[in-house]
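Understanding the architecture of this molecule
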Amino acid sequence: MRTTVGIIGAGPAGLLLARLLHNAGIDSVVLESRDRAYVEHRQRAGILEQGTVDVLRAADAGERMDREGLRHDGIELRFDRRRHRVDFPGLTGGRSVMVYAQTEVCKDLIALQLKEGGPLLFEAEALAVEGAESDRPAVRFRHEGREDVLECDYVVGCDGFWGVSRKAIPASLSRVFERTYPFGWLGVLADVAPSHDELVYARHERGFALLSMRSPSVSRLYLQVPADTDAQAWSGEEIWEELERRLETDDDWTLRRGPITQKSVTPMRSYVHEPMRHGRLFLAGDAAHIVPPTGAKGLNLAVGDVVTFAQALTHQQRTGSTELLDAYSATCLRRVWQAERFSYDMTTMLHRHPDATPFDERLQLARLDRIASCRAAETDLAEGYTGFPIG
Ligand code: APR
Ligand code: PHB
């Protein structure tokens, strides 16, 4: 097999990249190790930044998002039983976010790729990227019980944190920056209308809680738990009890309960691999960086990376100049590090660290009080949450 761009991974990064290249008249092949059902039902975050919404619309991939997505103009911070709403448009000159699950983005992009795009091979596991330093890189993969080779001009590793593409970069050229956290999120889906019309991020002495949603009738909620927590160790009753305690306020707000249809524990880490390019191999999305989910940046960073690559390759194909391809890693990393900083700040401000001292706890409350009382601090949060500019 031969193509211009070999894409490893059919998560948001790989699928959107294939769409962008198709629209630019550049052929690609997507190799995805799992089956379609797995990719379309893997529960992940659900917040699209303004920039991501704009990219999906421009790629003619936003029709169902615009029909079914929920535009949100703010979030609520909850601490010390106080409630403070952050007004996104008022603080950012009109930007908002869209609540539309990553699973739905992937379903939309898969349908478009199968209908209009190049080959998307499911259950096709990339085994290795070869010849990244040459001008004829290749991906060795296994599909339908046979090993095969995809010859490319470029390879983009969109294969997530556990993929193979990053391993093709010599260790002597790799620099890794990471932090792991002693806690994770116990996430649940519940068949009950959300108890608030916007997301609620709660800092509580018992730990962090997040109220989110998937639709007007489906809630998505999270509890901070120790990193090694087994989701099955928590009963539905215990989950609701703990959510109520951490989301408590000094007014008459109440948390509606309903049947929990799914629960799982997500670990937390901050991770950046530099560089994001080696020869003809480019890394995008979780293959290159991970953020704790507190800032809802993961999918949106992946979008920025693949938009940057697609623009750079289109430029090269039209002008012969590789200047944007050569700048890919630096261009992406500038935005990645701003998102890492924002996600780290949100995580350390809102979560209870097991080793926290009373001084640390007062600092958290002082940071939240500053946001609630200072427009400049509130604006920094609103700008980070609605997204850093792409490119
Ligand atoms: N060969 C082929 N496909 C692979 C391989 C491989 N060797 N290894 C992993 N994959 C696939 C995975 O099955 C997955 O579908 O690559 C895809 C990577 O998708 P994501 O992990 O979703 O990463 P990305 O597309 O960068 O999107 C980042 O997804 O995981 C969330 O929180 C993350 O929201 C963020 C977003
Ligand atoms: C979600 O709805 O899954 C979600 C929302 C906001 C976050 C993380 C996850 O910060």
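- Under an unreviewed UniProt entry, the name given to the chain is 4-hydroxybenzoate 3-monooxygenase, and the organism recorded is Streptomyces carpinensis.

**A look at the overall build of the chain**
- Scanning the chain from N- to C-terminus turns up twelve helices and 21 strands.
- Relative to the globule expectation of 21 Å for 391 residues, the C-alpha radius of gyration of the chain, 21 Å, shows essentially globular dimensions.
- Counting only C-alpha atoms, the chain reaches 65 × 40 × 40 Å along its principal axes.
- Counting over 391 residues, the chain shows a buried share of 56%.
- Accessible area of the chain: about 16400 Å², with a carbon and sulfur share of 48%.

**Thoughts on the site of ligand 2**
- Of all residues adjacent to ligand 2, which total 15 residues, the nearest are Tyr-201, Ser-212, Arg-214, Tyr-222 and Pro-293.
- Between Tyr-201 and ligand 2, the recorded distance is 2.8 Å, taken from a side-chain N or O atom to an oxygen atom.
- The backbone of Thr-294 places a nitrogen or oxygen atom 3.1 Å from an oxygen atom of ligand 2.
- Considering ligand 2 on its own, with 280 Å² of exposed area, one finds that the protein chains cover 99% of that surface.
- At the level of secondary structure, the elements contributing two or more residues to the shell around ligand 2 comprise β14 (199-203), β15 (209-215) and β16 (218-226).
- The dominant element in the shell around ligand 2, judged by the number of residues it contributes, is β15, at three residues.
- Of the residues assigned to the shell around ligand 2, the class counts are nine nonpolar, three polar and three charged.

**Observations regarding the packing of helix α1 (residues 12-23) against helix α6 (residues 102-116)**
- Interaxial distance between α1 and α6 falls to 9 Å at its minimum, and their mutual angle equals 40°. Judged on the interaxial angle alone, α6 and α1 are oblique. Viewed along their axes, α1 and α6 form a crossing whose handedness is left-handed. For the pair α1 and α6, the contacting residues are Pro-12, Leu-15, Leu-16, Ala-18, Arg-19 and His-22 in the first and Gln-102, Cys-106, Leu-109, Ile-110, Leu-112, Gln-113 and Glu-116 in the second.

Rules and cut-offs
- Residues numbered from 1 in each chain as written.
- Chains lettered and ligands numbered in written order.
- Predicted model: local features only at pLDDT ≥ 70, side-chain atom pairs only at ≥ 80, totals over all residues.
- Heavy atoms only, no water.
- Helix = DSSP H or I, 4+ residues; strand = E, 2+ residues; numbered from the N terminus.
- Rg over C-alpha atoms; globule rule 2.2 N^0.38 Å.
- Buried < 20%, exposed > 50% of the residue type's maximum accessible area, 1.4 Å probe, protein only.
- Areas by Shrake-Rupley, 256 points an atom, 1.4 Å probe, with all protein chains shown as cover.
- Near = heavy atom within 4 Å.
- Polar contact = N/O pair within 3.5 Å; in protein donor to acceptor, adjacent residues only side chain to side chain.
- Nonpolar A, V, L, I, M, F, W, Y, C, P; charged D, E, K, R; others polar.
- Axes fitted to C-alpha atoms, helices over the stretch in contact; angles between N-to-C directions.
- Parallel < 35°, antiparallel > 145°, perpendicular 65-115°, else oblique.
- Left-handed = near helix turned anticlockwise from the far one by under 90°.
- Contact = heavy atoms within 4.5 Å.

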